[in-house]
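# Coordinate inspection notes
Each chain, letter by letter, is given below.
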Amino acid sequence: MLTDDPRWRRALADPDAAAELLADPAARAEFMAAVAALQAEHDDLVLLHDSTLEHANEIEEQLAVKIEQVEALVVELELRNTFIRQVFGRHVTDEVVNTLLASPEGRQLGGERRTLTILISDLRGFSTLCEGLGPEQVVAILNIYLGAMADVIGEYRGSINEFIGDAILAVFGAPVPQDDHPERAVACAIAMQRAMGRVNAELAEHGLPALEMGIGVHTGEVVVGNIGSNRRAKYGVVGRHVNLTSRIESYTVGGQVLISESAARALGDRLRTRGCFEVRPKGVREPITIHDVTGVDGPFAIHMIEEAAEWRVLAEPQPLVFTALEGKDTGGQEFPALLVAHDERHNAELRVAASLPLRADLKLVLAALPGVDAYAKVVAAGPGRAVVRFTALPRALQELLDSLPARA
């Protein structure tokens, strides 16, 4: 380069020295060659600049496209999560939804064994109740009832596993582990029964009939996880303890909460009951002990609302026949009885000749209403008498009982 030569450094710094040097033809040729080289280098740099700028513009355009795609994916993901929260969030708390969304393994098929507390509730006599109602009224009843129960279950951080018609299957202790899941479940069951007063008040405002509900609660080991296929799956629980909870619930009458011995042991001295009894459900090898719950003390302190009922002794006892139920079928043999009294809580006193075991399920037909079937469970029994709780009370029978004169 010219600047490497001392002569040219002096010439570039002094115009007179430059004129003197350029007077030499050889120096001029050397200078012109250097200028040409600089021009070529300049042209190369300009070309490189233009190429780099063009490439940078392409990168910027591609980056802008990628940014738009990422933003679109973020919006799509947020819409998906919002949809999941709206749909899945109807059954479980926000805490559960957040856990499943944040955990990739939470969305994979498969399950694990875990000790949970299961709650199953069911309306008493709902099928009979709906016989005189239109489909719109039936749906309205279910929406009011299930909506209120779902709110209560959410308050106690339970997870609704299934709506089965008018029945609810909920679990406590999954997906989010809870050390106190038995206590939460039993307290939740009591709160659900207490909430039935508000449910029936709302139903009455719409001219709809009142409801009664029974609840069974049990603690045991189940398989919990995402069950199904890659195309269709649900977060659920399976195992014999789910079936056992259903058996426990089947012994309830309206307004009652029955729990297993394992759930009772978990609550210890915080549990309040009317007592316990032993049963041998179908499919269970050994007898099980069931506790009739009235309340829970401690952190979840809540108790049943006990309402005294006034009995109406009929001036004229009403003759009827009853049949013992075996599962969903009747035993076939009919027995005569007299209905002598009833109260507003759907209890009735019968005069009977046959001995009736406690918790036996009966089908009753009054002579005054042939063809109208009523269903009841024996809640107390003694020589020549039995007290039953109607589990399905047809409107015609309710109207008849209300119209019969009482003894002074």
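This is a predicted model, so every value here is computed, not measured.

Turning our eyes to something else, we now look at the overall build of the chain. If you tally the helices and strands in the chain, you get 10 helices and 15 strands. In the chain, which comprises 408 residues, the proportion classed as buried is 41%. Partitioning the contacts of the chain with sequence separation of at least 6, the portion at a separation of at least 24 is 62%. When the accessible surface of the chain is totalled, it reaches about 22,800 Å², and 54% of it is carbon and sulfur.

Taking 1.5 Å of rise per residue, the 25 residues of helix α7 (residues 181–205) would be expected to cover 36 Å, and the 35 Å separating its terminal C-alpha atoms lies within 8% of that figure. If you look at α7, its biggest bend is around 30 degrees, right at Ala 195. Burial within α7 is extensive, with 18 of its 25 residues counted as buried. Gly 207 occupies a position one or two residues after α7 and carries a positive phi of about 70 degrees.

The subject of this paragraph is the pattern of salt bridges. Counted according to the given criterion, the structure contains 13 salt bridges. A salt bridge links Glu 183 to Arg 270; the shortest N-O distance between them is 3.0 Å. Of the two residues, Glu 183 sits in helix α7 while Arg 270 sits in the loop between α9 (261–267) and β7 (271–279), which places them 87 residues apart along the sequence. Residue Arg 274 is joined to Asp 292 by a salt bridge in which the shortest nitrogen-to-oxygen separation is 2.9 Å. Placement of the pair is Arg 274 in strand β7 and Asp 292 in strand β8 (residues 288–296), with a sequence separation of 18 residues. Taking relative accessible area as the criterion, Asp 292 reaches 11% and is therefore assigned buried.

The next subject is a negative patch on the surface. Together, Asp 50, Glu 54, Glu 58, Glu 60 and Glu 61 make up a negatively charged patch on the protein surface. With respect to the element layout, Glu 58 can be found in helix α3 (residues 25–88).

Time to look at the packing of helix α6 (residues 135–155) against α7. At a minimum axis distance of 9 Å, the contact between α6 and α7 shows a crossing angle of 145 degrees. As α6 packs across α7, the resulting crossing turns out to be right-handed. Contacts from Ile 141, Ile 144, Tyr 145, Ala 148, Met 149, Val 152 and Ile 153 in α6 reach Cys 188, Ala 191, Met 192, Ala 195, Met 196, Arg 198, Val 199, Glu 202 and Leu 203 in α7. Here the residues of the contact of α6 with α7 sort into 14 nonpolar, no polar and 2 charged.

Among soluble globular proteins, nonpolar side chains are generally buried collectively. Among the nonpolar cores identified, the biggest contains 48 residues, and Tyr 145, Met 149, Tyr 156, Val 186, Met 192, Leu 211 and Ile 259 are the most heavily contacted of them. Looking at which element gives the most residues to this core, the answer is α7, with 12 residues. For Leu 211, the residues in contact, after removing those within four places along its chain, are Leu 123, Phe 126, Leu 129, Ile 141, Tyr 145, Met 196, Val 199, Asn 200 and Leu 203.

Okay, the confidence of the model for the chain next. When pLDDT is averaged along the chain, the result is 84; 84% of the residues meet or exceed 70. Ranking the helices and strands of the chain by mean pLDDT puts strand β6 (residues 256–260) first, with 97, and helix α4 (residues 94–102) last, with 61.

This part takes up the side chain of Arg 114. On the secondary structure map, Arg 114 appears in strand β1 (residues 110–123). Of note is the side chain of Arg 114, whose polar atom sits 3.0 Å from the backbone oxygen of Gly 173.

Tracing the backbone shows Gly 165 in the loop between β2 (159–164) and β3 (167–172). Each C-alpha atom, one on Gly 165 and one on Asp 122, is 9.0 Å from the other, the two residues being 43 residues apart in sequence. Those residues in contact with Gly 165 that lie beyond four places of it in its chain are Leu 142 and Leu 146.

Moving on: α6. Its 21 residues give α6 an end-to-end C-alpha distance of 30 Å, which sits within 8% of 30 Å, the value for a rise of 1.5 Å per residue. What α6 keeps buried is the set Val 138, Ile 141, Leu 142, Ile 144, Tyr 145, Leu 146, Met 149, Ala 150, Val 152 and Ile 153. Taken from the residues just after α6, Arg 157 is the one with a positive phi, measuring 60 degrees.

Analysis parameters
- Residues numbered from 1 in each chain as written.
- Predicted model: local features only at pLDDT ≥ 70, side-chain atom pairs only at ≥ 80, totals over all residues.
- Heavy atoms only, no water.
- Helix = DSSP H or I, 4+ residues; strand = E, 2+ residues; numbered from the N terminus.
- Buried < 20%, exposed > 50% of the residue type's maximum accessible area, 1.4 Å probe, protein only.
- Contact = heavy atoms within 4.5 Å.
- Areas by Shrake-Rupley, 256 points an atom, 1.4 Å probe, with all protein chains shown as cover.
- Expected span 1.5 Å × (residues − 1).
- Bend = angle between axes of the 7 residues up to and from the residue.
- Salt bridge = Lys/Arg side-chain N within 4 Å of Asp/Glu carboxyl O.
- Patch = residues over 30% accessible without salt bridge, like charges linked within 9 Å, V, L, I, M, F, W, Y side chains within 5 Å.
- Lys, Arg positive; Asp, Glu negative; His and termini not counted.
- Charge placed at Lys NZ, Arg CZ, Asp CG, Glu CD.
- Axes fitted to C-alpha atoms, helices over the stretch in contact; angles between N-to-C directions.
- Left-handed = near helix turned anticlockwise from the far one by under 90°.
- Nonpolar A, V, L, I, M, F, W, Y, C, P; charged D, E, K, R; others polar.
- Core = buried A, V, L, I, M, F, W, Y, C linked by side-chain atoms within 4.5 Å.
- pLDDT = per-residue confidence, 0-100.
- Polar contact = N/O pair within 3.5 Å; in protein donor to acceptor, adjacent residues only side chain to side chain.

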